[in-house]
Every structure is written in structure tokens, then in C-alpha cells.
Amino acid sequence: MTNFDSTAGSPGQIRFFNPGPVWVRPQVLQALTGPMLSHRSQAFMDLYGRIQDKLPRVFRTSGRAHTLATSATGVWEAALVSSVEGPVLSLGNGAFSEKWGEMSQRLGLETDTLKAEWGKPISPDEVKKQLATKKYAAVTVVHSETSTGVLNDLAAIAKVVRDNSDALVFADCVTSVAGTKVETDAWGLDVVLTGSQKAFALPPGLALFAMSERTLAAAKKKKFRGLYLDLVDIDAFAQKKQTPTTPCLSLLYALDVQLDHILAEGIENRWVRHEAMRATVAAWAARNGFTLFAQKGAESPTVTSMIPPAGVNAEELNKTLKSMKWTTGSGYGKLKATNVRIGHMGDVDVASVESYLKAHEEAMAAMRNKAGSPA
Ligand SMILES: Cc1ncc(COP(=O)(O)O)c(C=O)c1O
């Protein structure tokens with residue numbers, strides 16, 4: 001449970017820096033209260049039609065973009081289950097990318113893993129070498145590794161895959177799309193997915209994705225695609241402005257409202273704002289002796305993982321910030337004890353990030369005082 005009202009605040013005063021779910025604007029929360037409708041009614045088709053007009057603009061595709069009533073992980077599975085018989089090449093340089101590889105194995109698909117050390121980006125040259133060893137059906141890659149704050153060069157990786165194989169490029173853009181540049185069509189991506197609770201700044205529970213004609217063609221050739229996550233069904237219903245099963249209507253109301261907001265801000269402006277937040281954190285870290293975990297040049301614009309200076313305990317810093325009523329992200333997985341993580345994505349702004357960084361200074365001062373005070 002959060003120790004304060006996480007919906008509180010307005011630009012400049014947001015205190016919620018979890019790397020997802022993120023802070024949600026009050027107007028979006030209000031939109032959740034829309035009336036119930038049959039999802040086979042004209043009113044629903046009008047709502048879904050509006051979403052279908054706007055969503056592809058965020059994914060930068062001239063094709064359709066979709067929603068699915070799952071968290072983002074559901075689309076990892078939909079892509080693999082619907083359109084791939086194997087082998088799969090899983091690129092892993094953090095907790096999420098490695099988990100996608102594990103999913104592929106659990107589905108019984110022949111899966112090879114190409115790993116980079118946590119904190120380092122995947123090398124497109126290494127991908128090229130691996131592609132020369134086998135004919136892969138798909139390559140899975142995470143664009144922005146939320147566990148480490150590394151942004152992989154998705155454009156370069158996709159180009160290497162397209163130039164050297166027929167493999168589909170499945171891109172987890174969970175903490176990139178709507179926060180930093182993702183070009184579904186121009187980069188030749190075959191599935192691009194995210195969850196509502198990240199840079200789209202919606203409540204959790206809805207997956208959003210785009211897919212290419214190549215993905216659909218591969219899916220249509222696959223005999224057993226399951227039912228709930230069948231991309232062919234999802235696309236067929238989308239053509240009727242519907243979903244195959246009951247959609248999470250309340251989140252679709254919120255998405256409709258939030259897409260207006262995102263497009264009014266301008267998608268490129270949104271990328272600029274996120275880059276400014278990244279740069280603000282990086283400059284502060286350099287001034288205050290924090291080490292960025294991501295290799296230089298591969299820092300994600302939406303999430304930063306950093307190691308505090310010697311003598312500052314990361315877990316104690318997180319605890320102190322929490323007691324000061326800030327919501328922070330601790331280091332993820334094996335980095336929990338050593339790193340602090342800041343989610344600077346969605347509708348948060350530079351001024352709020354600056355206040356949050358100032359709070360780190362206050363927290364460290366309080367920790368020093370406590371350590372220096374007599375028992
Ligand atoms: C990069 C990345 N991929 C996948 C996921 C899983 O998303 P979900 O919990 O919405 O399924 C996350 C969640 O934080 C993530 O950051």
C-alpha cells in the first residue's frame with residue numbers, strides 16, 4: 001500500500017516516481033467512471049473507432065493498433081503463441097528481456113539466448129553473428145530495460161534482423177513507446193507492445209500493441225494459436241471496431257481521453273520532455289556522486305537506475321524517501337540492495353523530477369544526521 005494518495009499532485013508537484021504504474025492525471029481517472037455499454041453496441045464501436053484512429057499515431061504505424069485486456073506480458077505470449085513455431089532468438093540484458101526468453105522456453109519453443117551484461121546494451125553486431133548460425137522465426141528484444149535503465153538500439157537491431165534474416169522482430173516497448181522514439185513502420189518492427197501503466201500514463205490492466213502484416217501472415221499459417229491471445233481473431237474483430245472478448249471498457253474510456261492528451265502534446269514533444277527528464281537526473285547524479293547503472297550513451301529516457309555514492313545505503317535511502325512520502329522505485333531483482341530507480345515517464349515533468357532529486361539530498365542529510373547522532 002502506498003503511504004499517501006498517489007493520485008495527488010499536479011505538474012510540478014508530483015511525488016510518485018514508481019517505474020510503473022505511474023502517476024495518472026485526474027482527468028484520466030475521471031474518465032474511468034464512464035457508463036457501462038454492451039461491447040457489441042454502436043456506442044462501443046464509436047469509442048473503439050476513435051481509439052483506432054488515434055492509437056496508430058502513437059505507435060507510428062499506418063496499420064492498425066490494438067488493445068488487449070491483459071497486462072503487457074499478455075502480448076509477449078500472444079506474439080509467440082500466435083505466430084511462431086520456433087526457433088526464437090531471445091536478446092537478454094535485464095530481468096524483463098530474460099523473462100521473455102524464459103516464456104518462449106516454457107511454451108516449448110526452441111529458444112536461443114543472446115545475452116549482454118546487465119547495464120550494457122545488446123550489440124547489433126553480435127545479433128548479426130548469431131543470425132548467421134540458424135534460421136530464426138522471431139527475435140525478441142526489450143527496447144527500454146526497466147530493470148537496468150538501459151535503452152537498446154532497437155532501430156539498429158531491427159535493421160540487422162531484417163537485413164540478415166526473415167525473422168519477425170518482436171519489440172517490447174513497455175517503457176519506451178509514448179515516452180521515447182519508437183517507429184513501428186520505419187524501423188520494420190513486427191510486434192510493438194506496451195502496458196497502459198507506463199509511458200501512456202493510464203491505470204494498469206490494458207495492453208496496447210501494433211503488429212505488421214508479416215506477423216499476421218505468419219499467424220494465419222500457424223495451426224494452433226490458442227484462443228484468447230489469437231492475433232488473427234483480435235485483428236478480425238478490430239476490423240469491426242470490436243474485440244473478440246469483453247474489453248476492459250473503463251480503461252478504454254480512459255485511453256480515449258489520454259490519447260487526445262498525448263496527441264495534443266505532440267508525440268515528438270513527449271519524447272523531448274522525457275529526454276529532458278533523463279538529462280536532469282543524469283546531471284544531478286554526476287553532481288552528487290551517483291553512478292548511472294546504464295552504460296554511457298545507452299540511458300533510457302524513461303527510467304534511471306543508479307548506484308548511490310560510497311557510504312550511502314541504497315535500501316536505506318529508498319526507505320527514507322518513502323518515509324518522506326515520496327514513492328520511489330528500488331533497484332530491481334538482483335540490483336535491489338545496491339541501486340535506486342526513478343521512473344520519469346508518462347505525464348510527470350522536469351520540475352517534479354527536480355523536487356524529487358532535491359528530496360534525495362534531504363534524505364541523505366537526514367541519514368547522515370541519524371548516523372552521527374548519539375545512541
Ligand atoms: C520492459 C518491461 N517489459 C514487460 C513488463 C511486464 O509488464 P506487465 O507487468 O504489464 O505485464 C514490464 C513491467 O514493468 C517492463 O518494464
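Structure first, text after, so check above.
Residues numbered from 1 in each chain as written. Predicted model: local features only at pLDDT ≥ 70, side-chain atom pairs only at ≥ 80, totals over all residues.

Peer 1: I tried to follow the sheet that holds strand E3 (residues 111-115) on my own but got confused; where do I start?
Peer 2: Spatial strand order, E1-E9-E8-E7-E4-E2-E3: seven strands in an open sheet with mixed pairing. The two strands at the open ends of the sheet, each matched to only one other strand, are strand E1 (65-68) and E3. The sheet shows a mean angle of 20 degrees between the axes of neighbouring strands, direction not considered. Contacting E1, strand E8 (191-195) and strand E9 (207-211), helix H2 (residues 42-59) runs over the sheet at an angle of about 105 degrees to E1. (Pairing = 2+ DSSP bridges. Helix = DSSP H or I, 4+ residues; strand = E, 2+ residues; numbered from the N terminus. Axes fitted to C-alpha atoms, helices over the stretch in contact; angles between N-to-C directions. Contact = placed C-beta atoms within 7 Å.)

Peer 1: Would you explain the nonpolar core in this entry?
Peer 2: For soluble globular proteins, the rule of thumb is that nonpolar side chains tend to be buried together. Val-75, Val-139, Val-192 and Phe-209 are the most contacted members of the largest nonpolar core, which has 104 residues in total. Counting residues per element, this core draws most heavily on helix H9 (residues 249-265), at eight residues. Formed jointly, this core draws a minimum of three residues from each of two domains, domain 1 (26-264) and domain 2 (267-372). Setting aside residues up to four positions removed in sequence, Val-139 forms contacts with Leu-89, Leu-91, Val-161, Ala-167, Val-169 and Phe-170. (Core = buried A, V, L, I, M, F, W, Y, C linked by C-beta atoms within 7 Å. Buried ≥ 20, exposed ≤ 12 C-beta atoms within 10 Å, placed from the backbone. Domains from an automatic or database assignment.)

Peer 1: Can you help me understand helix H6 (residues 154-164) in this one?
Peer 2: Listing the buried residues of H6 in full gives Leu-154, Ile-157, Ala-158, Val-160 and Val-161. One side of H6 holds all its buried residues, which, seen down the axis, span an arc of 160 degrees. Buried-residue contacts for H6 involve helix H5 (124-131), strand E4 (138-142) and strand E7 (168-172). (Arc of directions from axis to C-beta.)

Peer 1: Can you walk me through the site of the ligand in this structure?
Peer 2: In the vicinity of the ligand, the residues found are Gly-20, Ser-71, Ala-72, Thr-73, Phe-96, Val-142, Thr-146, Asp-172, Val-174, Thr-175 and Gly-195. Here the residues of the shell around the ligand are counted per class, giving four nonpolar, six polar and one charged. (Near = placed C-beta within 6 Å. Nonpolar A, V, L, I, M, F, W, Y, C, P; charged D, E, K, R; others polar.)

Peer 1: What should I look at first to understand the environment of Arg-341 in this one?
Peer 2: Structurally, the position occupied by Arg-341 is in strand E13 (residues 340-343). The exposure class of Arg-341 is buried, given the 25 C-beta atoms found within 10 Å. It is 9.7 Å that separates the C-alpha atoms of Arg-341 and Ala-314, two residues lying 27 residues apart in sequence. Beyond its immediate chain neighbours, meaning those up to four positions away, Arg-341 contacts Pro-19, Val-303, Thr-304, Ser-305, Gly-329, Ser-330, Gly-331 and Tyr-332.

Peer 1: So what exactly am I meant to see when it comes to the packing of H5 against H6 here?
Peer 2: Between two packed helices, both the angle of their axes relative to each other and the distance between the axes serve to describe the pair. Packing of H5 against H6 brings their axes to within 9 Å, and their N-to-C directions diverge by 25 degrees. When the axes of H5 and H6 are compared, the pair comes out roughly parallel. Seen from above, H5 lies across H6 with right-handed handedness. Residues Pro-124, Val-127, Lys-128 and Leu-131 of H5 form the contact with H6, whose own contacting residues are Ala-156, Ile-157, Val-160, Val-161 and Asn-164. (Parallel < 35°, antiparallel > 145°, perpendicular 65-115°, else oblique. Left-handed = near helix turned anticlockwise from the far one by under 90°.)

Peer 1: How do you make sense of the pairing of E3 when you look at a structure like this?
Peer 2: Looking along a regular strand, one sees side chains alternate from face to face of the sheet. Alignment of strand E2 (residues 88-92) against E3, held across five bridges, turns out to be parallel. Pairing of Leu-89 across the sheet is with Asp-112, part of E3. With respect to chirality, the unit in which E2 leads through helix H4 (residues 95-106) into the neighbouring parallel E3 is right-handed. (Right-handed = clockwise from strand over helix to strand, strands pointing away.)

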